Amino acid sequence: MGAPNHAGAETAPATGTIRYWAAAKAAAGTPEEPYEAVTLAEALRAAGDRHAHQPEFARVLARSSFLVDGAPVGTRDHATIRLAQGGTVEVLPPFAGG
């Protein structure tokens, strides 16, 4: 289900790629997978559902930071981050060292 746009109509979900790095890649069991979502929150929720049988995935996701099309998400609400058609979400778990 898409998010309502300013006119109240549904917005069609975008499709793109979620890329997992380091511990996120290990927890997901794959380096990348497709998304179909309007917002980052929707994409991450769907990924969590796909990997519900892998408890470490949710733990890593909760500690990760995200880049959407190369831009850091930071502390912004994931529900406000709209995804682009053909875009990329990078999942970056905390890295040890510097």
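The paragraphs below set out a description of the structure included in this document. (Residues numbered from 1 in each chain as written. Predicted model: local features only at pLDDT ≥ 70, side-chain atom pairs only at ≥ 80, totals over all residues. Heavy atoms only, no water.)

**Observations concerning the overall build of the protein chain**
Here is step 1 of the chain: A count of helical and extended segments in the protein chain gives three helices and five strands.
Here is step 2 of the chain: Counting helices and strands in the order they occur from the N terminus, the protein chain gives β-α-β-α-α-β-β-β.
Here is step 3 of the chain: Here the protein chain, with 98 residues, has 39% of them falling under the buried criterion.
Here is step 4 of the chain: Residue pairs in contact within the protein chain that sit at least 24 positions apart in sequence constitute 60% of those at least 6 positions apart.
Here is step 5 of the chain: Only carbon and sulfur atoms are counted for the fraction: they give 58% of the accessible area of the protein chain, which is about 5,700 Å². (Helix = DSSP H or I, 4+ residues; strand = E, 2+ residues; numbered from the N terminus. Buried < 20%, exposed > 50% of the residue type's maximum accessible area, 1.4 Å probe, protein only. Contact = heavy atoms within 4.5 Å. Areas by Shrake-Rupley, 256 points an atom, 1.4 Å probe, with all protein chains shown as cover.)

**Points about the sheet that holds strand E4 (residues 71-72)**
Here is step 1 of the chain: The five strands are arranged E2-E1-E5-E3-E4 in an open sheet whose pairing can be described as mixed. Of all the strands in the sheet, just strand E2 (32-37) and E4 have a single pairing partner and so form its edges.
Here is step 2 of the chain: The pairing of strand E1 (residues 14-20) with strand E5 (residues 88-92) spans four bridges and is parallel. The partner of isoleucine 18 across the bridge, within E5, is valine 89. (Pairing = 2+ DSSP bridges.)

**Regarding the packing of aromatic side chains**
Here is step 1 of the chain: Inspection of the entire model under this criterion finds one aromatic pair.
Here is step 2 of the chain: Taking 5.6 Å as the distance between ring centres and 80° as the angle between the ring planes, the aromatic pair formed by tyrosine 20 and phenylalanine 57 counts as edge-to-face. Within this pair, whereas tyrosine 20 is found in strand E1, its partner phenylalanine 57 is found in helix H3 (residues 55-63), the two being separated by 37 residues in sequence. (Phe/Tyr/Trp six-rings, centres within 6.5 Å; stacked < 30°, edge-to-face > 60°.)

**Notes on the pattern of salt bridges**
Here is step 1 of the chain: Throughout the structure, instances matching the rule amount to four salt bridges.
Here is step 2 of the chain: Put simply, glutamate 32 and arginine 19 hold a salt bridge, and the shortest N to O gap is 3.5 Å. Placement of glutamate 32 in strand E2 and of arginine 19 in strand E1 is noted, with a sequence separation of 13 residues between them.
Here is step 3 of the chain: Residue classification places arginine 19 among the partly exposed positions, given a relative accessible area of 32%.
Here is step 4 of the chain: Each of Arg19, Glu32 and Glu90 takes part in salt bridges that share partners, so that together they form one network. (Salt bridge = Lys/Arg side-chain N within 4 Å of Asp/Glu carboxyl O.)

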